[in-house]
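# Residue-level structural notes
What follows is each chain in one-letter form.
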Amino acid sequence: LGRMKPVIVVHGGAGRIFKEREEGCRAGVVRAALRGYGVLKQGGSAVDAVEEAVRSMEDDPHFNAGCGSVLNEKGEVEMDAIIMDGKNLDSGAVSAVKCIANPIKLARLVMEKTKHMLLTDHGAHLFAQAMGIPEIPGEKLITERSRERWKKNLEPDSNPEEFQKDLGTVGAVAVDSEGNVACATSTGGLSNKLIGRVGDTACIGSGGYADNHSGATSTTGHGESIMKVVLARLILYHMEQGMSPEVAADTALDYMKTRAGGLGGVIVVNKAGEWAARFSTKQMSWATVKDDNLHYGIYAGETNVKSVDEALASEREGF
């Protein structure tokens, strides 16, 4: 069995990325992809790599996950996350979690330390305590920008839908040198959402899916639409029918748009290490590393390429 060349693909959310945030979003997905790839290069598993990449974006206030998450109707952060291992279809997810820095870490613990797949709200909180995950004050996760947006959306003539366009869920997919695939997705959800709203992210097959037999995918965009078509699993189904990652992604996104009126974006890797980053929104920040080359972009049709060494050097100097 020839060893696989590892591949990682990450996204920082589909939607509209405002000009002044572009550089930060590009830098954030590039950093996440390089970190995930670093794990793979050292022989780490696909699961380790996607967790590391997503953790990096949860800690980056440019993204709607972890620190920087949007606020619910009451002005609080409630986060969802999922991780899945394509080797045995094990998955762990959390929803409506508060006061922890990295929901993706908690999702992985759900996968590895319980017989369950999804823990929510108070139960997830008790489990986090039992696992010794440090609690942080909710305010620590709230950025000035999230609070501003929340306030704007409370105004009587506001249209929260307008603000949903820069959604910023984060995610990663990878194939490691053993040929195992994995996915991870994390989000703060929709701005001004009802308390207790669970979106696609925490739902297996919608926010993400990974199966060694076909590949792995992580999704972003309008959660309710993604759930209606079970987007992540739909893409893998198309790949099982023989479509390339790119055609499978476009076909599924197109179906979601025509059938459910929803827009979104996806990252995909198949078991052969072919990848795609596709979106029906105006923009999606994404980055991938394969064969020691980094590719990244935000706009449709945009692909920048750097060698990993070059990228790591500019990482060290600060973008």
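Residues numbered from 1 in each chain as written. Predicted model: local features only at pLDDT ≥ 70, side-chain atom pairs only at ≥ 80, totals over all residues. Heavy atoms only, no water.

The name an unreviewed UniProt entry assigns to the chain is Isoaspartyl peptidase/L-asparaginase, from the organism Grantiella picta.

## Observations regarding empty space enclosed by the protein
Let me state the cut-off plainly: A pocket, in this scheme, is an open set of points on a 1 Å grid over the protein atoms alone with protein on both sides within 12 Å along at least 5 of 7 lines, while a cavity is a set where a 1.4 Å probe fits but cannot get out; residues line either one if an atom lies within 4 Å of a point. Grid points are joined across faces, edges and corners, and a volume is the space filled by probe spheres set on the points. Basically, the charged four are Asp, Glu, Lys and Arg, the nonpolar ten are Ala, Val, Leu, Ile, Met, Phe, Trp, Tyr, Cys and Pro, and anything else, Gly included, counts as polar.
Counted according to the given criterion, the structure contains three cavities of 30 Å³ or more. In this structure, the second largest cavity occupies an estimated 70 Å³ of space. Around the second largest cavity sit 12 residues that line it, and Thr169, Thr187, Gly189, Arg197 and Asp200 are the ones nearest its centre. The residue inventory of the lining of the second largest cavity, partitioned by class, reads two nonpolar, seven polar and three charged.

## A few points about the UniProt feature "binding site: substrate" (unreviewed entry) in the chain
Our working definition: UniProt positions are given in the numbering used here, feature names are shortened, and annotations may be inferred rather than shown by experiment. A run of H or I in DSSP counts as a helix once it spans at least four residues, and a run of E counts as a strand once it spans at least two, with each numbered from the N terminus. Two residues form a contact once any of their heavy atoms are found within 4.5 Å.
With numbering matched to this structure, UniProt assigns "binding site: substrate" (unreviewed entry) to Arg197, Val198, Gly199, Asp200, Thr220, Gly221, His222 and Gly223. Residues from the annotated list that form part of the lining of the second largest cavity: Arg197, Gly199, Asp200, Gly221 and Gly223. Assignment of secondary structure puts arginine 197 in the loop between strand E6 (181–187) and strand E7 (208–211). Not counting chain neighbours up to four residues away, the residues in contact with arginine 197 comprise Glu78, Asp80, Gly189, Leu190, Gly223 and Glu224. Assignment of secondary structure puts valine 198 in the loop between E6 and E7. Ignoring sequence-local partners within four residues, the contact set of valine 198 consists of Asp80, Ser95 and Met227.

## Some words on the packing of helix H2 (residues 46–58) against helix H3 (residues 103–113)
Operational definition: Fitting a line to C-alpha atoms yields each axis, with helices limited to the stretch in contact; the angle taken between N-to-C directions then spans 0 to 180 degrees. Orientation categories follow fixed angle ranges, with anything under 35 degrees roughly parallel, anything over 145 roughly antiparallel, 65 to 115 roughly perpendicular, and all other angles oblique.
It is at 8 Å that the axes of H2 and H3 come closest, and there the two elements cross at 150 degrees. Comparing the axis directions of H2 and H3 gives the class roughly antiparallel. Touching Val47, Asp48, Glu51, Val54, Arg55 and Glu58 of H2 are Pro103, Ile104, Lys105, Arg108 and Met111, all from H3. Of the residues assigned to the contact of H2 with H3, the class counts are five nonpolar, no polar and six charged.

## A few points about the sheet that holds strand E2 (residues 79–85)
Short version of the rule: Being paired, for any two strands, means DSSP has found at least two bridges between them.
Judged by pairing direction, the sheet is mixed, and its nine strands sit side by side in the order E4-E3-E2-E6-E5-E1-E11-E12-E13 without closing on themselves. Every other strand in the sheet has two partners, leaving strand E4 (118–120) and strand E13 (304–307) as the edge strands with one partner each. Across the sheet, the axes of successive neighbouring strands diverge by a mean angle of 10 degrees, strand direction being ignored. Those strands touched by helix H1 (residues 22–41) are strand E1 (7–15), strand E5 (170–175), strand E11 (283–290), strand E12 (293–299) and E13, and its axis lies near 30 degrees from that of E11. Those strands touched by H3 are E2, strand E3 (90–97), E4 and E6, and its axis lies near 135 degrees from that of E3.

## Here we look at the side chain of threonine 185
Convention followed: Type-normalised accessible area, obtained with a 1.4 Å probe on protein chains alone, sets the label of each residue: buried when under 20%, exposed when over 50%, and partly exposed for intermediate values. For this analysis, a polar contact is any N or O atom pair within 3.5 Å, provided that within protein one partner can donate a hydrogen and the other can accept it, and provided that sequence-adjacent residues contribute only side-chain to side-chain pairs.
By the secondary structure assignment, threonine 185 is in strand E6. Judged by its relative accessible area of 0%, threonine 185 is buried. At a separation of 2.9 Å, a polar atom in the side chain of threonine 185 contacts the main-chain carbonyl oxygen of glycine 207. Within the local environment of threonine 185, its side chain forms a polar contact with the side chain of serine 218, the two groups lying 2.8 Å apart. For threonine 185, the contacting residues outside a window of four places in its chain are Asp80, Ala81, Ile82, Ile104, Thr169, Val170, Gly171, Thr201, Gly207, Gly208, Ser218 and Thr219.

## Re the layout of surface pockets
The calculated volume of the second largest pocket comes to roughly 250 Å³. Lining the second largest pocket we find 13 residues, and of these Ala277, Arg278, Phe279, Trp286 and Gly301 sit closest to its centre. For the lining of the second largest pocket, the element with the highest residue contribution is strand E10 (residues 275–279), accounting for five residues. Across the lining of the second largest pocket, the residue classes break down as seven nonpolar, two polar and four charged.

## Brief notes about the sheet that holds E10
The four strands lie next to each other as E7-E8-E9-E10, forming an open sheet whose pairing is antiparallel. In this open sheet, the two edge strands, each paired with only one partner strand, are E7 and E10. Across the sheet, the mean angle from the axis of one strand to that of its neighbour is 10 degrees, orientation sign disregarded. Judged from the five bridges that link them, strand E9 (residues 264–270) and E10 form a sheet pairing that is antiparallel. Of the residues in E10, the one forming a bridge with isoleucine 267 is alanine 277. Of the strands in this sheet, E7, strand E8 (215–221) and E9 are in contact with helix H8 (residues 231–240), which crosses E8 at around 140 degrees.

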